[in-house]
Amino acid sequence: MEKNNNNLQADITPSANGHALPNGNGAAGGVAEPLNWNQRIWNTWDAFADVMWFIICSIGYILQDLYYIAFGYPEKELNTDIALITGGGNGLGRQLAERLGKMGTKIIIWDINQKGIAETVQIVEEAGGYCKGYVVDISKKEEVYKAADVIRAEVGDVTLLINNAGVVSGLHLLETPDHLIERSFNVNVIAHFWTAKAFLPKMIEKERGHIVTIASLAGHVGISKLVDYCASKFAAVGFDEALRLELEVLGHTNIQTTCICPFFIQATGMFDDVNARWVPTLNPNDVADRVISAIRKNEKLAVLPGFLKFMLSLKWTFPWGCVGGLLRRLVPDASPHGLPSSSSTSSSSSSSSSNNNNIKSHGQANGNIMSSSTAADMAALDAQLSSASAALPAKSPSMLIQRTPSLGERVL
């Protein structure tokens, strides 16, 4: 292996501009020969023609968009689709399942909370829709691939993939345990790779499909106490854009992608106590309606509320002092109390214990993280949390981890 590496290095000669060129029989030991006049003229013309064609196409796209704004975007029907919604046991995922079910779409729910899955299935079926639910931990690619095979055998090929599931810790970076940082990335973005790889091949084969990324405005701006969350959502936004471009380059223009970036959503369990100003928090029903509209219109990026899209463009124009000042005032505290608000769903608790058994971290998750504890372990853990809670001072902020399973996606 060392010999091969040495040979490879011997075959590479640096050029005058610092770029490596392979050695060969060419002039000057591999240095490229200068182009003749015909080649230079052709290259110049080719570049000019490419720029002009790009400008013409851009004008066409702008005029098309203006036409759609004036007269309305064409909307596609979803009654023949099979939709998979991750984190669909509650929250926004359940809202989307209800709406799609009424439109005749076959719904598949992935969640870790069996009770939440059963409730969503019941709601959709009572409204006359088709819905099946599966307990799947999307942070584990083996479970994703296995469940995808089961769906193909029992229901059919997924044509509408909605990556809705997400988690948040709500802590300053240095207070966030390593496993919560890993969890944020595993659920909020890495899982998108596994679901896309599981279902995209069939979409390409059938020349039909739509992949929806429920990202966040936190995928465009940074917020204190949400460093891991923002970083994972930035990655989710990049995943959507890069995947869309790659599909276009490969010629799969029948496969659509949509990225949804909302502000804080009310009553989904992730940021119920958020301290936000100037921009009102969003109603989950309105968000669900907007998501469905974006899917039907094949929108590439939907920012909620819409006027924030203009504000995002100013981020790259004004100095950081202006941008940072606005963000600090817009969201003074994303997690004032550290713990999620109470929810109608049953919740379980977990902790991260130090050597002296003190509880030292807190966080929350929705329908994405599968607890590996057995019933006996959870009972022992509950007892440990109870004793630790009793030992804390009465007026001190809680330091317990509280996890509320299957709360759907609540994003900034």
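This next bit is on the pattern of salt bridges. Applying the stated criterion across every chain, the model contains 13 salt bridges. The shortest N-O distance in the salt bridge between Arg 208 and Asp 81 comes to 3.2 Å. Within this pair, whereas Arg 208 is found in the loop between α6 (178–206) and β8 (209–214), its partner Asp 81 is found in the loop between α2 (37–71) and β3 (82–86), the two being separated by 127 residues in sequence. On the accessibility criterion, Arg 208 (32% relative accessible area) is partly exposed. We note a salt bridge from Glu 299 to Arg 290, for which the minimum N-O separation is 3.0 Å. On the basis of relative accessibility, which here comes to 16%, the residue Glu 299 falls in the buried class. Within this structure, Glu 75, Glu 77 and Arg 296 form a network of salt bridges that share partners.

The subject of this paragraph is helix α3 (residues 91–102). Taking 1.5 Å as the rise per residue, α3 with 12 residues should run 16 Å; its terminal C-alpha atoms sit 17 Å apart, in good agreement. Three or more residues of α3 are buried, namely Gly 91, Leu 92, Gly 93, Arg 94, Gln 95, Leu 96, Ala 97, Arg 99, Leu 100 and Gly 101. Looking at the buried positions of α3, the neighbouring elements they touch are β3, β4 (106–111), α4 (114–126), β6 (160–163), β8 and α8 (284–296). One or two positions beyond α3, positive phi appears at Gly 104, with a value near 95 degrees.

Let us look at the pairing of strand β5 (residues 130–135). As paired strands, β4 and β5 are joined by 6 bridges and run parallel to one another. By the bridge assignment for β5, Ile 109 is matched with Gly 133. Traced from β4 through α4 to β5, the parallel crossover comes out right-handed.

Looking at the protein, the pLDDT average stands at 78 and 72% of residues meet or exceed 70. Here residues 1–28 is modelled with pLDDT under 50, and outside its nearest four sequence neighbours on either side it reaches 23 contacts, counting other chains as well. With pLDDT under 50 throughout, residues 339–412 is counted as low confidence; its partners more than four residues away or in other chains account for 192 contacts.

Turning to unusual backbone geometry, a few remarks are in order. Going from Leu 304 to Pro 305, the amide bond is cis rather than trans, its omega being -10 degrees. Relative to the helices and strands, Pro 305 resides in the loop between β10 (301–304) and α9 (307–314). One non-glycine residue with positive phi stands out, namely Lys 225, at about 75 degrees. Take Lys 225: it is sitting in the loop between β8 and α7 (227–249). A relative accessible area of 15% places Lys 225 in the buried class. One non-glycine residue, Asn 298, lies in the positive phi region at around 55 degrees. Structurally, Asn 298 can be placed in the loop between α8 and β10.

Pairs of packed helices are described in terms of their axes, by the angle between the two and the distance that separates them. Between α3 and α8, the least distance of the axes is 9 Å, while the angle of their chain directions is 55 degrees. The pairing of α3 with α8 is recorded here as oblique in orientation. The element α3 and its partner α8 pack so that their crossing is right-handed. Across the interface between the two elements, Leu 92, Gln 95, Leu 96, Arg 99 and Leu 100 of α3 pack against Pro 284, Asn 285, Val 287, Ala 288, Asp 289, Val 291 and Ile 292 of α8. In the contact of α3 with α8, the residues fall into 8 nonpolar, 2 polar and 2 charged.

Rules behind the numbers
Residues numbered from 1 in each chain as written. Predicted model: local features only at pLDDT ≥ 70, side-chain atom pairs only at ≥ 80, totals over all residues. Heavy atoms only, no water. Salt bridge = Lys/Arg side-chain N within 4 Å of Asp/Glu carboxyl O. Helix = DSSP H or I, 4+ residues; strand = E, 2+ residues; numbered from the N terminus. Buried < 20%, exposed > 50% of the residue type's maximum accessible area, 1.4 Å probe, protein only. Expected span 1.5 Å × (residues − 1). Contact = heavy atoms within 4.5 Å. Pairing = 2+ DSSP bridges. Right-handed = clockwise from strand over helix to strand, strands pointing away. pLDDT = per-residue confidence, 0-100. Axes fitted to C-alpha atoms, helices over the stretch in contact; angles between N-to-C directions. Parallel < 35°, antiparallel > 145°, perpendicular 65-115°, else oblique. Left-handed = near helix turned anticlockwise from the far one by under 90°. Nonpolar A, V, L, I, M, F, W, Y, C, P; charged D, E, K, R; others polar.

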